[in-house]
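The residues making up each chain are set out below.
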Amino acid sequence: MPLHSTQSFAEFTEDDLFSQLDQETLPRHVAMIMDGNGRWASQRGLPRIAGHREGLIAVREVLNTYYLLGIPIVTVYAFSQENWKRPQAEIALLMTLLQEFLLQERQTFHERKTRFFPIGLLHELPASTQDLVHAVAQETAHFTERTVMIALSYGGRSEIVDATNRLIDDIQGGRASKRVDEVQFEQYLSTAGLPDPDLLIRTSGEARISNFLLWQIAYTELYFTNTLWPDFRRRDVLLALLDYQKRDRRFGRLPHGVSPQNRL
Ligand code: FPP
């Protein structure tokens with residue numbers, strides 16, 4: 001079914017939405033703030049934990065969709081530094097879910113030649129979680145085609161401060177010059193060498209960045225949806241990508257087709 005700009009997407013099937021996508025301009029890197037698990041559960045009279053469990057099902061479906069679309073880098077904000085303030089039982093369940101996720105996906109990472117790439121203060125995770133996170137990261141480190149980056153005990157400000165401290169150490173040790181540019185600074189971030197996200201999705205109606213990838217999202221397109229994370233599935237991914245493809249990414253330049261003279 002052809003799509004006209006005035007129509008809503010509501011009546012379109014997933015196949016229709018898929019056929020509207022321009023394969024040439026898909027994002028290379030999509031990042032996601034997965035919010036709304038607790039509200040999803042409380043709307044159903046369930047414990048928050050049930051929302052996180054359903055959220056994990058959504059993670060797997062969404063990652064599968066990006067794989068099928070050929071989007072090579074996906075980043076998920078699974079646990080922030082601020083999340084340590086949650087009740088101990090909820091933290092423990094999130095760690096258990098992370099381990100379940102890794103045990104479920106381990107084989108798939110190998111089959112799909114996907115690097116599992118954790119970022120954040122990993123030493124703050126419980127020892128058994130750390131061991132599994134490091135093991136899966138190590139055994140998939142040689143894959144270059146696809147990356148699933150997962151932010152754990154992550155905070156964007158502390159990442160920048162940590163990078164700065166390591167840079168200072170290198171300057172004092174004579175391993176770095178006393179003046180650095182953005183390209184050199186980027187090498188000290190946990191995402192060194194990876195392209196910045198083209199698209200950042202946040203679910204659940206909140207329009208905040210919440211200390212996520214602060215340096216890396218300087219020119220990222222932001223997409224906020226009211227859908228709660230456990231309900232965010234294949235169709236929602238397609239809608240986000242179609243919205244992204246309507247954007248004119250200018251990176252500070254003039255719009256396409258407008259000459260500087262016309263703008264003055
Ligand atoms: C925010 O929802 C979500 C989290 C803090 C955790 C995200 C975890 C998952 C999606 C499941 C596990 C995923 C992996 C990859 C292991 P919230 O609890 O803040 O929701 P609320 O704002 O409605 O309370």
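Refer to the preceding data block for the structure.
Rules used in this analysis
Residues numbered from 1 in each chain as written. Predicted model: local features only at pLDDT ≥ 70, side-chain atom pairs only at ≥ 80, totals over all residues. Heavy atoms only, no water. Buried < 20%, exposed > 50% of the residue type's maximum accessible area, 1.4 Å probe, protein only. Helix = DSSP H or I, 4+ residues; strand = E, 2+ residues; numbered from the N terminus. Pairing = 2+ DSSP bridges. Axes fitted to C-alpha atoms, helices over the stretch in contact; angles between N-to-C directions. Parallel < 35°, antiparallel > 145°, perpendicular 65-115°, else oblique. Left-handed = near helix turned anticlockwise from the far one by under 90°. Contact = heavy atoms within 4.5 Å. Core = buried A, V, L, I, M, F, W, Y, C linked by side-chain atoms within 4.5 Å.

*Asks:* Quick one: what's the story with the pairing of strand β4 (residues 146-154), residue by residue and with numbers?
*Replies:* Along β4, eight of the nine residues are buried, which leaves the element largely enclosed by surrounding structure. In the sheet, strand β2 (residues 73-80) pairs with β4 via seven bridges, with the strands oriented parallel. Bridge pairing in β4 places Val74 opposite Val148. Pairing analysis gives six bridges linking strand β3 (residues 114-119) to β4, with the strands arranged parallel. Across the sheet, Arg115 pairs through a bridge with Thr147, a residue of β4.

*Asks:* Any chance you could break down the packing of helix α3 (residues 48-69) against helix α4 (residues 88-111) for me, citing the residues and the numbers?
*Replies:* α4 packs onto α3 with a crossing angle of 25 degrees between their chain directions and a minimal axis gap of 10 Å. As judged from the angle between their axes, α3 and α4 are roughly parallel. At the point where α3 passes α4, the crossing takes the right-handed sense. Across the interface between the two elements, Arg48, Ile49, His52, Arg53, Leu56, Val59, Arg60 and Leu63 from α3 touch Glu90, Leu93, Leu94, Leu97, Glu100, Phe101, Gln104 and Glu105 from α4.

*Asks:* Give a description of the nonpolar core that names residues and reports values.
*Replies:* By size, the foremost hydrophobic cluster in this structure holds 49 residues, and its most contacted members are Met32, Tyr66, Leu102 and Ile201. Listed by contribution, the elements that provide at least two residues to this core are β1 (29-33), α3, β2, α4, α5 (127-139), β4, β5 (199-202) and α8 (234-246). Ranked by residue count, the leading element in this core is α4, at nine residues. With 14 residues, the next largest nonpolar core counts Ile33, Phe117, Tyr154 and Phe212 among its residues.

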